[in-house]
Amino acid sequence: MSTRVEEPALSVGTSRWFVIGVRIAMGILWVTNAGWKTPPDFGRESGRGLFRFTSFAVEHEVFAPFAFLVREVVLPNFTLFGWMVLIVEAALGSFLVLGLTTRLWALIGVAQAAAITLSTLNAPGEWNWGYYMLIAIHLLLFATAAGRFGGLDGVLRPAWERRNTRWSRLLLRFS
């Protein structure tokens, strides 16, 4: 009796190209998403933009402790929060496109997507599965160490492996 081993549907090389494509697409998504977070007030005066979507966490509560945090901490300090969101999302997108410390940024993407989900999940007209997919894609980028394929993680890992410093070991974990 012979056992037949099934070949993978896609070659390893083709699969890597898909991982590269998904990583870069997610990076571009975050960079373009950061584009509508407009300083200096991030929509507070007009009740639009980031302020509007953040307010959904209170107006259309998903999780009471998160709504409390938004109401009591985020909204009263909204300008600082707006800058933090803008910087995190621009950095998230840039690091994913570059494929640098991709595992760390994938986890940051999970956290950012979870915060967006907790803000907008119950808002009228929102498609819930979009948020679940955003989280799942970032988990996939983490699990596949996506920056090692066509990214700076793959280029820099040999140098980080040669060094035995705390910083290089940290970079290896994040890549």
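Definitions and limits used
- Residues numbered from 1 in each chain as written.
- Predicted model: local features only at pLDDT ≥ 70, side-chain atom pairs only at ≥ 80, totals over all residues.
- Heavy atoms only, no water.
- Helix = DSSP H or I, 4+ residues; strand = E, 2+ residues; numbered from the N terminus.
- Buried < 20%, exposed > 50% of the residue type's maximum accessible area, 1.4 Å probe, protein only.
- Contact = heavy atoms within 4.5 Å.
- Areas by Shrake-Rupley, 256 points an atom, 1.4 Å probe, with all protein chains shown as cover.
- Lys, Arg positive; Asp, Glu negative; His and termini not counted.
- Charge placed at Lys NZ, Arg CZ, Asp CG, Glu CD.
- Phe/Tyr/Trp six-rings, centres within 6.5 Å; stacked < 30°, edge-to-face > 60°.
- Lys NZ or Arg CZ within 6 Å of the ring centre and 35° of its normal.
- pLDDT = per-residue confidence, 0-100.
- Expected span 1.5 Å × (residues − 1).
- Arc of directions from axis to C-beta.
- Polar contact = N/O pair within 3.5 Å; in protein donor to acceptor, adjacent residues only side chain to side chain.
- Core = buried A, V, L, I, M, F, W, Y, C linked by side-chain atoms within 4.5 Å.

Some remarks on the overall build of the protein chain
A count of helices and strands for the protein chain gives 8 helices and 0 strands. Each helix (α) and strand (β) of the protein chain, taken in turn from the N terminus, gives the series α-α-α-α-α-α-α-α. The buried share of the protein chain, taken over its 175 residues, is 35%. In the protein chain, the proportion of contacts linking residues at least 24 apart, taken out of those at least 6 apart, comes to 69%. Split by element, the accessible area of the protein chain, about 10,500 Å² in all, is 66% carbon and sulfur. In the protein chain, which carries 16 positive and 11 negative side-chain charges, the distance between the mean positions of the two groups comes to 12 Å.

Thoughts on the packing of aromatic side chains
According to the stated counting rule, one finds 7 aromatic pairs in the structure shown. Both rings, one in Phe78 and one in Phe81, keep their centres 5.6 Å apart while their planes meet at 40°; by these two values the pair is tilted. Of this pair, Phe78 and Phe81 both sit in helix 4 (residues 78–98), 3 residues apart, which is roughly one turn of that helix. Judged by relative accessible area, Phe81 falls into the partly exposed class, the value being 22%. Ring plane angle 15° and centroid distance 4.8 Å describe the contact between Phe95 and Trp105, whose orientation is recorded as stacked. Taken as a pair, Phe95 in helix 4 and Trp105 in helix 5 (residues 102–120) lie far apart in primary sequence, 10 residues in all. The ring centre of Phe53 lies 5.2 Å from the NZ or CZ of Arg52, which sits over that ring. Looking at Arg103, its charged tip hangs above the ring of Phe142, at a distance of 4.9 Å from the centre.

What to know about the confidence of the model for the protein chain
Summarising the model, the protein chain shows a mean pLDDT of 94, and 94% of its residues fall at 70 or more. At the low end of the mean pLDDT range in the protein chain sits helix 1 (residues 12–34), at 93; at the high end sits helix 3 (residues 64–74), at 98.

Observations concerning helix 4
Between its first and last C-alpha, helix 4 extends 30 Å over 21 residues, near the 30 Å set by a 1.5 Å rise per residue. For helix 4, the complete set of buried residues consists of Phe78, Gly82, Val85, Leu86, Glu89, Leu92, Gly93 and Leu96. Buried residues in helix 4, looked at end-on, bunch into an arc of 135°, giving them a common side. Exposed residues lying more than 90 degrees from the buried face of helix 4 are Leu80 and Ile87. Check the buried side of helix 4 and you find it contacts helix 1, helix 2 (49–59), helix 3, helix 5 and helix 6 (128–143). Gly99 occupies a position one or two residues after helix 4 and carries a positive phi of about 70°.

Here we look at the side chain of Lys37
Structurally, Lys37 is set in the loop between helix 1 and helix 2. Here Asn33 takes part through its backbone oxygen, which lies 3.2 Å from a polar atom of the side chain of Lys37. Setting aside its immediate chain neighbours within four residues, Lys37 contacts Phe42, Leu50, Val85, Leu86 and Glu89.

Description of the nonpolar core
Most often, soluble globular proteins keep nonpolar side chains buried together rather than apart. In this structure, Met26, Trp30, Leu92, Leu96, Leu134 and Leu141 are the most contacted members of the largest nonpolar core, which totals 13 residues. Among the elements of the structure, helix 1, helix 4, helix 5 and helix 6 are those that each provide at least two residues to this core. Counting residues per element, this core draws most heavily on helix 1, which supplies 4 residues. In terms of nonpolar packing, the next biggest core, distinct from the first, is built from 12 residues, Phe42, Phe51, Val70 and Val74 among them.

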